[in-house]
Amino acid sequence: MNAPKTLVANDPEDRKGRLKDIGGSKSDHWNNILANQALQSLWVKNSSQGDRDEQLSATLAALAGIGPKDELEGMMAAQLIAAHNAAMECYRRAMIGEQTFEGRRENLAQASKLSRTYAALLEALNRHRGKGQQKVTVEHVHVHAGGQAVVGMVEPSGGRGEAKTEDQPHALGYAPREKMRSADASGQALPITRDE
């Protein structure tokens, strides 16, 4: 009969984070497992020993380059590498000269799915890191009776995108709903046309 084994989750020797740049964790057990998972996603069957060593080193460099800050980012980084490796292998197989039409089509379809997965993972990583989020702070907005305030981007009518975003009016505009006085001495009000 096997004696029960005790596993320690917070081993002080494990929590030194020497490999944190690779897996994002203070646990080097975690970082080591994650690095091995990423390395095992490589297709090295036909590689020479020198090529294999280069591929393995490049994969670890990619993990460090992505720079995971926590375990979740480490997992996403490893999956990014795996999705990239698998997509590139499918693209490579699709280009084999003796490839059948069906084989080519299937490999390109798989590569396309893997490329979309890669893009979704990258977007998730950026969202997790807070990139792509915009924060707008509007202070001291005064709207007087009969007026309107517009907060946000104002698009030109017509929607053809002729004006660049940088050239468009932004943030705040004040549109009074009063009639404009004419320049003549009688003081007759002039109507204002609106796009409503």
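Here, the structure is the one placed above.
Since the structure is predicted, the reported quantities are computational estimates derived from the model, not experimental observations.

Draft legend 1. Region of interest: the nonpolar core. Among the nonpolar cores identified, the biggest contains eight residues, and these are Ile-22, Leu-34, Ala-35, Ala-38, Leu-63, Ala-77, Ala-78 and Ile-81. Elements with a minimum of two residues in this core: α2 (28-40) and α4 (71-94). Excluding anything up to four places from it in sequence, Ala-77 contacts Leu-63 and Ile-66.

Draft legend 2. Molecular detail of the pattern of salt bridges. This structure, assessed with the given rule, holds five salt bridges. Across the salt bridge formed by Arg-18 and Asp-28, the nearest N and O atoms sit 3.8 Å from each other. On the criterion of sequence distance, the pair formed by Arg-18 in the segment before α1 (20-23) and Asp-28 in helix α2 is long-range, its members being ten residues apart. Look at Arg-18 and you get exposed, because its relative accessible area is 61%. The closest approach of N and O atoms between Glu-89 and Arg-92, which form a salt bridge, is 2.6 Å. Of this pair, Glu-89 and Arg-92 both sit in helix α4, three residues apart, roughly one helical turn. In this structure Glu-89 comes out as buried when scored by relative accessible area, which is 14%. By sharing partners, the salt bridges in this structure join Glu-89, Arg-92 and Arg-93 into a single network.

Draft legend 3. Seen up close, the layout of surface pockets. The computed volume of the second largest pocket comes to approximately 170 Å³. As for the second largest pocket, its lining consists of 14 residues, and the residues nearest its centre are Ala-62, Ile-66, Leu-80, Ile-81 and Tyr-118. Mapped onto the lining of the second largest pocket, the elements with two or more residues apiece are α3 (49-66), α4 and α5 (101-128). Ranked by residue count, the leading element in the lining of the second largest pocket is α3, at five residues. A breakdown of the residues in the lining of the second largest pocket according to their chemical character gives eight nonpolar, five polar and one charged.

The rules behind each value
- Residues numbered from 1 in each chain as written.
- Predicted model: local features only at pLDDT ≥ 70, side-chain atom pairs only at ≥ 80, totals over all residues.
- Heavy atoms only, no water.
- Core = buried A, V, L, I, M, F, W, Y, C linked by side-chain atoms within 4.5 Å.
- Buried < 20%, exposed > 50% of the residue type's maximum accessible area, 1.4 Å probe, protein only.
- Helix = DSSP H or I, 4+ residues; strand = E, 2+ residues; numbered from the N terminus.
- Contact = heavy atoms within 4.5 Å.
- Salt bridge = Lys/Arg side-chain N within 4 Å of Asp/Glu carboxyl O.
- 1 Å grid on protein atoms, 1.4 Å probe; cavity = no way out; pocket = protein on both sides within 12 Å on 5 of 7 lines; lining within 4 Å.
- Points joined across faces, edges and corners; volume = space filled by probe spheres on them.
- Nonpolar A, V, L, I, M, F, W, Y, C, P; charged D, E, K, R; others polar.

Remember that the coordinates give geometry; whether it matters functionally is a separate question.
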